[in-house]
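What the coordinates show
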Amino acid sequence: MALALTFQKYVLDFKFSAGTSRGVLKQKDTYIIKVSNGDHVFGLGEAGPLKGLSIDDRDDISEKLEAVAIEISKHSLPASVEEVYTMSDQLAGREFPSIRFALETALLDLLNGGSRTIFDNDFSKGKGKIPINGLVWMGHMEDMLSQITQKVEQGFTCIKMKVGSLDFDKECDILEYVRKKYYKSELILRVDANGAFSPEEAMEKLERLSTYNLHSIEQPIKTKQYDSMAQLSKTSPVSIALDEELIGIYELEEKRRLLERIKPPYIILKPTLLGGFKSTLEWIRLANDMHIGWWLTSALESNIMLNAISQFTADLEVVNHQGLGTGQLYHNNITSPLEIKNGYITSTGQNWDLSMLDL
Ligand SMILES: [Mg+2]
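On a plain count of helices and strands, the chain comes out with eleven helices and 13 strands. Taken along its principal axes, the extent of the C-alpha atoms in the chain is 60 × 40 × 35 Å. For the chain, long-range pairs separated by at least 24 residues make up 71% of all intrachain contacts whose partners lie at least 6 apart in sequence.

This is the structure in structure tokens:
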């Protein structure tokens, strides 16, 4: 039976004005895709490039989806995970990582019977749980402090906060306050600079940040400054994590070269930006070989992809904190069995409600 693909643009509405390094977000556009085998069983996926960051944040994404719909109708359902990855790669190409990820997810869902089981494991059966970090949105100092207190009260033992975009002294005040209140052993602090520091000032700032016992800092300087990033990875008193640096890299050999050149202590893996499961697995294998730490992170997708990334993460049997706390951001998120409790994401086994979709 030939495959059929339909898609729908879906606008996610934030419950609050979400302060990020790329401005304040109120809405997030995303494309939900549905792949069926000609009957009522279907798999769902989602292509949700991040504005100003994803290489496929472009105007012709719906044209590309239309082209994929025509192409996929010449194929029948792949028989294995490997075949799903190969077909998704061929259909989406290197220029549309979020579409490749959406196709992988929808096809695996369909392969597993169309019940939002992307990977059959404890998590998808409603038994497992994954530790996640609590995300602190940017805002005024008081607001950020109260967000942190709230997260700790909710049971989070790992907090992630942005640095480098407000007044640096104020950010240090926040970190100092948090460290006075919570010891290193009870609260892990991760920060993300989104490339805010110049290579010249980075070391001085990192030395100051190191006094707050931080777990890691994402992307202290902008991407493609390889020598500076390699030097910082070697000498920074706060462990460096690459995030944006991984975007747009497609070939396995390019990935290996980047990691060998920079030798970062950590890498952050966002399947929507990196091109899905297969590409993320390549990064993970390289990282494991090179003793580089890593964690998975969602990137403001709806619950369809948060579910997919969570099930994928559960398959990898991680023990460290993952960045999967983005499910509760939207008024009109797709109702799913995902739940965040005591700093963990779980799946309750409750049913999905897809009535808000029009596919
Ligand atoms: Mg980041």
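Still more to cover.
Let's shift gears to the sheet that holds strand β4 (residues 129-131). With antiparallel pairing, three strands are arranged side by side in an open sheet as β4-β13-β12. Looking along the sheet, the strands with just one partner apiece sit at the ends: β4 and β12 (338-341). With strand direction ignored, the average angle separating the axes of adjacent strands in the sheet is 25 degrees. Pairing between β4 and strand β13 (residues 344-347): three bridges, direction antiparallel. Within β13, the position partnered with Pro131 by the bridge is Tyr344. In this fold helix α11 (residues 303-315) packs onto β4, β12 and β13, with an angle of close to 70 degrees to the strand it touches most, β12.

Formed by 94 residues in total, the largest nonpolar core has its most connected members in Ile33, Ile217 and Ile267. At eight residues, helix α3 (residues 97-111) tops the list of elements feeding residues into this core. For this core, the two domains that each supply at least three residues are domain 1 (4-111) and domain 2 (129-347). If we ignore the near neighbours within four places in the chain, the residues touching Ile217 are Val191, Ala193, Leu206, Leu209, Val238, Ile240 and Ala241.

Here the focus is the packing of helix α4 (residues 141-153) against helix α5 (residues 168-181). At a minimum axis separation of 11 Å, α4 and α5 run at an interaxial angle of 30 degrees. Relative to α5, α4 is oriented roughly parallel. Note on packing geometry: the crossing formed by α4 with α5 is right-handed. Two secondary-structure elements touch here, α4 through Met141, Met144, Leu145 and Ile148 and α5 through Lys170, Asp173, Ile174, Tyr177 and Val178.

Below, the discussion takes up the domain arrangement of the chain. Reports often express the size of an interface as the amount of accessible area lost when the parts come together. In terms of domain boundaries, the chain breaks down into domain 1 (4-111) and domain 2 (129-347). Relative to domain 2, the C-alpha centre of domain 1 lies at a distance of 24 Å. On the domain 2 side, the residues contacting the 30 residues of domain 1 number 30 residues. With eight residues, strand β1 (residues 4-20) is the largest single contributor of residues to the side of domain 1 that touches domain 2. The residue makeup of the side of domain 1 that touches domain 2, split by class, is twelve nonpolar, ten polar and eight charged.

Our focus in this paragraph is the pairing of β1. Sheet topology places β1 next to strand β2 (residues 23-36); 13 bridges connect them, and they run antiparallel. Note on β2: the bridge partner recorded for Ala4 is Ser36. The hairpin turn running from β1 into β2, its antiparallel successor, is two residues long.

Looking now at unusual backbone geometry. One non-glycine residue with positive phi stands out, namely Gln219, at about 45 degrees. Checked against the element boundaries, Gln219 lands in the loop between β8 (216-218) and α7 (226-235). Judged by the 24 C-beta atoms lying within 10 Å of it, Gln219 is buried. Residue Asn342 is not a glycine yet carries a positive backbone phi of 50 degrees.

Attention now moves to the sheet that holds strand β3 (residues 42-47). Pairing is antiparallel in the open sheet, where three strands are placed in the order β1-β2-β3. On the outer flanks of this sheet lie β1 and β3, each paired with one strand and no other. In this sheet, neighbouring strand axes are inclined to one another by 25 degrees on average, regardless of whether the strands run parallel or antiparallel. With six bridges joining them, β2 and β3 adopt antiparallel strand pairing. Residue Ile33 lies in a different strand from β3, and its bridge partner there is Gly45. This element, α3, spans β2 and β3 of the sheet and lies at about 165 degrees to β3.

Rules and cut-offs
Residues numbered from 1 in each chain as written. Predicted model: local features only at pLDDT ≥ 70, side-chain atom pairs only at ≥ 80, totals over all residues. Helix = DSSP H or I, 4+ residues; strand = E, 2+ residues; numbered from the N terminus. Contact = placed C-beta atoms within 7 Å. Pairing = 2+ DSSP bridges. Axes fitted to C-alpha atoms, helices over the stretch in contact; angles between N-to-C directions. Core = buried A, V, L, I, M, F, W, Y, C linked by C-beta atoms within 7 Å. Buried ≥ 20, exposed ≤ 12 C-beta atoms within 10 Å, placed from the backbone. Domains from an automatic or database assignment. Parallel < 35°, antiparallel > 145°, perpendicular 65-115°, else oblique. Left-handed = near helix turned anticlockwise from the far one by under 90°. Nonpolar A, V, L, I, M, F, W, Y, C, P; charged D, E, K, R; others polar.

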